[in-house]
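Given next are the chains, with one letter for each unit.
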Amino acid sequence: MNRLTTIWRSLAPRTRWSLLVVSLLLLVGVSSGNGIHNGFTYDDVEVIQRNGEIHTLHHWWTLFAHSYWPRAYGGDGYRPLTMLAFATQWVIGGGEAWVFHATNILLYGAVTIAVLWLVSLVLPTGAAWLVAALFAVHPVHVEAVASTVGQSELWVALLLVPAMAIYMRRCLTGTALSLGEAAAICVFYTLGLFAKEHAIVLPALIIAAEVLLGSEKRPLARRLVTIRPLVLCLTLLGTLYLAARSAVKGGNISGFQPFVVFQTLDLSYANRVLTMIGVVPQWIRLLLWPARLTTEYAPPDIDIAQGPSLVQLPGLLLLVGVLGLAVVLWKRRGLGAIASFGIAWFCITLLPSSNFIIPAGIIIAERTLFLPSLGALLAIGAIAVWIAQRVTALRSFALRRNVSVASFASAAVIVIAAGARSATRTLVWHDNDRLFTQGVIDAPQSYRAYYMLGARKFEAGDERNGEHAYRHAMALFPYDPFMAYNFALQYQLRGTYVAAIPLYEWAFGLDPKLRGGQGRGNLAICYANANRPAEAREQALLAMKYGGAPLWQLRRVLQYSDSLLGKPEATTRANSLRADQLAALFGKSPPQSQNTLTQPGLVVPSALLTVAPAKH
């Protein structure tokens, strides 16, 4: 060990730094490099593969007037720079997925080097390298790197980490930022905002760095006054970004539509916060022991709060403990303050997706822990340095040597194990069949895992297993109207209209205006094909009221219904109507025989067909 240390110290500083960078890039390649063979999966399909807006660079500036998600899928988010990056990669690679994955891997390597730079400002080089190495192989980063839409997380990190490094370099020495450095921070911030909205936390990170790490040459109040112009400038840029976002999203400056479970159960703010307090142990586990990873964190695997309960107690204790630890460490200054800043970094960067302030579109998404994980690793690095200092102070040389060797071996084992876990997890993201099949293995109590598997099975033509997965999902959690609606739509496309009707009724019982006129129009067609003209007429009129469905189709439903309801022999004629006549009426190919499924695929409790779930 001493010999290696001597050789290392004999190298020129630039050579040492180059070797550190190369070793980190190798770790990134080992942990994530096999992802270059992956295809488009999950959200990649709709956001990139089927989204014609990002398939050309003609009129690229119009991307700044478009939402991130296509309008057909809600028009959520506003990330024009990420969309511009997608368009560039699509044009360069002709739509090949490997170009996107290669870009993600390169960005991951660049972010890891930026992490080394930032952490080396506050910790010794060896500890900084260890933090960066753990960042390079952390399994919780797989979703951000292996999923092409996770690229927004990488862009934000690549812009915010150097911005913070520029600021912290001056903050630690008590010197003022130059005009060029302040301008660079503002540019990085602006680009970060247009890459992903989570970059909005930069001013809070700067204030936290000044409070926790700032030089004690001047009082805190004086230091905060000094950074006021920078913070005000960043605040102005953030406000302008929110104004642009609001203009594109029709007055909405929030993030994505709230998670469907929050909407369906009409969860209050208090219960949403209680739900997330119960999730705190999951965050801690994913950062410190990410052995189990999954794409779907949903009920009943995740408890949805209906008021205070013992389920939230572990999370509450952990949350109070972590925040209390941050305060105690800050008071100790030195390494304690660095660890405290790491905890603050984690909390601040997690806030946008935490559901504590505004509702997010997820409960947990592993990709959103990409930037927060740096804070946790920084705190661990500071604690590791503190332990190393105590070991160095031991009087026994043999004990010091044994502890040092054990520590080195433990760190090596952790890095290797984490890299291996990341590499194997990356392979899961190869395609949707593999991803969604693994999803139900990883989270057998998450209804969305089965929901996504069912949708994929139907898409692949495996109707039997798709139906089975949908049924299991609805048994786990029967309060997702989109799931019931999509299940019904699958039956309708197969021509099994009788089975589709109770599912549509169930979905509209949960959300009466689900899919607007298009949804009610689908139900009207199912009623008509099931020889229930009165209900078909009622739903067709509702569809006209809501709008969005083809009027010619609705008029034909009304014509058909009225022709039957106005005559005494309507029921007899409806029962004897041939399939090809009905198909001609609706302008599509003849449906399958209604005898293909003698009973609905799911036994729906009658109470759920007419009554929305109780308020939670």
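Residues numbered from 1 in each chain as written. Predicted model: local features only at pLDDT ≥ 70, side-chain atom pairs only at ≥ 80, totals over all residues. Heavy atoms only, no water.

## What to know about the packing of helix 6 (residues 125-137) against helix 17 (residues 397-428)
Worth spelling out the cut-off: For helices, the axis comes from a line fit to the C-alpha atoms of the stretch in contact; other axes are also lines fit to C-alpha atoms, and the angle between any two N-to-C directions lies between 0 and 180 degrees. Helix and strand labels come from DSSP, where a helix needs a run of H or I of at least four residues and a strand needs a run of E of at least two; each type is numbered from the N terminus. Relative orientations are named as follows: roughly parallel for angles under 35 degrees, roughly antiparallel for angles over 145 degrees, roughly perpendicular for angles from 65 to 115 degrees, and oblique for any other angle. Working rule for contacts: check all heavy atoms of both residues, and any pair within 4.5 Å makes them a contact. The nonpolar class holds Ala, Val, Leu, Ile, Met, Phe, Trp, Tyr, Cys and Pro. Asp, Glu, Lys and Arg form the charged class, and all remaining residues, Gly among them, are polar.
Running from N to C, helix 6 and helix 17 cross one another at 20 degrees; their axes reach a closest spacing of 8 Å. Here helix 6 lies roughly parallel to helix 17, going by the angle between them. For the pair formed by helix 6 and helix 17, the contact residues are Leu130, Leu134 and Val137 on the first element and Ala411, Ile414, Val415, Ala418, Gly419 and Ser422 on the second. Looking at the contact of helix 6 with helix 17, its residues break down into seven nonpolar, two polar and no charged.

## Quick look at the packing of aromatic side chains
Threshold: For Phe, Tyr and Trp, where Trp contributes only its six-membered ring, two rings pair if their centres lie within 6.5 Å, and the inter-plane angle classes them as stacked under 30 degrees, edge-to-face over 60, or tilted in between. The rule is simple: take the accessible area with a 1.4 Å probe, protein chains only, and divide by the maximum for that residue type; under 20% is buried, over 50% is exposed, in between is partly exposed. Sitting over a ring, as applied to charges here, requires NZ of Lys or CZ of Arg to be within 6 Å of the ring centre and within 35 degrees of the ring normal.
Counted under the stated rule, the structure contains 25 aromatic pairs. A centroid spacing of 6.1 Å and a plane angle of 70 degrees characterise the contact between Tyr78 and Phe194, whose relative ring orientation is edge-to-face. Placement of the pair is Tyr78 in the loop between helix 3 (43-49) and helix 4 (80-93) and Phe194 in helix 9 (residues 179-195), with a sequence separation of 116 residues. Side by side, Tyr78 and Phe194 carry an identical accessibility label, which is buried. Through pairs of rings, three or more aromatic residues link up here, namely Tyr451, Phe458, Tyr470, Phe487 and Tyr491. Over the ring of Tyr68 we find Arg79; its NZ or CZ atom is 4.6 Å from the centre of that ring.

## Side note on empty space enclosed by the protein
Gaps between atoms show up when a probe of the same size as a water molecule is rolled over them. Note the threshold: Every definition here rests on a 1 Å grid over the protein atoms only: cavities are sets of points where a 1.4 Å probe fits but cannot get out, pockets are open sets enclosed by protein on both sides within 12 Å along at least five of seven lines, and lining residues have some atom within 4 Å of a point. Grid points are joined across faces, edges and corners, and a volume is the space filled by probe spheres set on the points.
Under the defined criterion, the tally for this structure stands at one cavity of 30 Å³ or more. Estimated volume of the largest cavity: approximately 70 Å³. Every residue lining the largest cavity is listed: Glu153, Val156, Ala157, His198, Val201, Thr349, Thr368, Leu371 and Pro372. Elements supplying a minimum of two residues to the lining of the largest cavity: helix 8 (151-171) and helix 16 (370-392). If you tally residues by element for the lining of the largest cavity, the top one is helix 8, at three residues. Class assignment of the residues belonging to the lining of the largest cavity gives a composition of five nonpolar, three polar and one charged.

## As for unusual backbone geometry
Cis geometry marks the peptide bond from Pro299 to Pro300; its omega dihedral reads -5 degrees. Note that Pro300 resides in the loop between helix 13 (269-288) and helix 14 (313-332). Residues other than glycine seldom take positive phi values, yet Arg333 does so here, at roughly 60 degrees. Counting through the fold element by element, Arg333 comes out in the loop between helix 14 and helix 15 (335-350). When its relative accessible area of 26% is taken as the criterion, Arg333 is described as partly exposed.

## Digging into helix 5 (residues 97-120)
Applicable threshold: Multiplying 1.5 Å by the helix residue count minus one yields the expected span of that helix.
Taking 1.5 Å per residue, 24 residues should reach 34 Å; helix 5 reaches 35 Å between its end C-alpha atoms and fits that length. Taking burial as the measure, the 24 residues of helix 5 include 18 buried ones, the bulk of the element.

## Some points on the packing of helix 8 against helix 9
Our working rule: The hand of a helix crossing depends on one turn: near helix anticlockwise from the far one by less than a right angle means left-handed, and clockwise means right-handed.
Interhelical geometry of helix 8 versus helix 9 gives an angle of 160 degrees and a closest axis separation of 9 Å. Considered as vectors, helix 8 and helix 9 are oriented roughly antiparallel to each other. Crossing geometry of helix 8 relative to helix 9 is assigned as left-handed. Note on element contacts: helix 9 touches helix 8 through Glu181, Ala184, Ile185, Phe188, Leu191, Gly192 and Ala195, opposite Ser152, Trp155, Val156, Leu159, Pro162, Ala163, Ile166, Tyr167, Arg169 and Arg170. Taken together, the residues of the contact of helix 8 with helix 9 sort by class into twelve nonpolar, two polar and three charged.

Treat this as a map of the structure, not an account of what it does.
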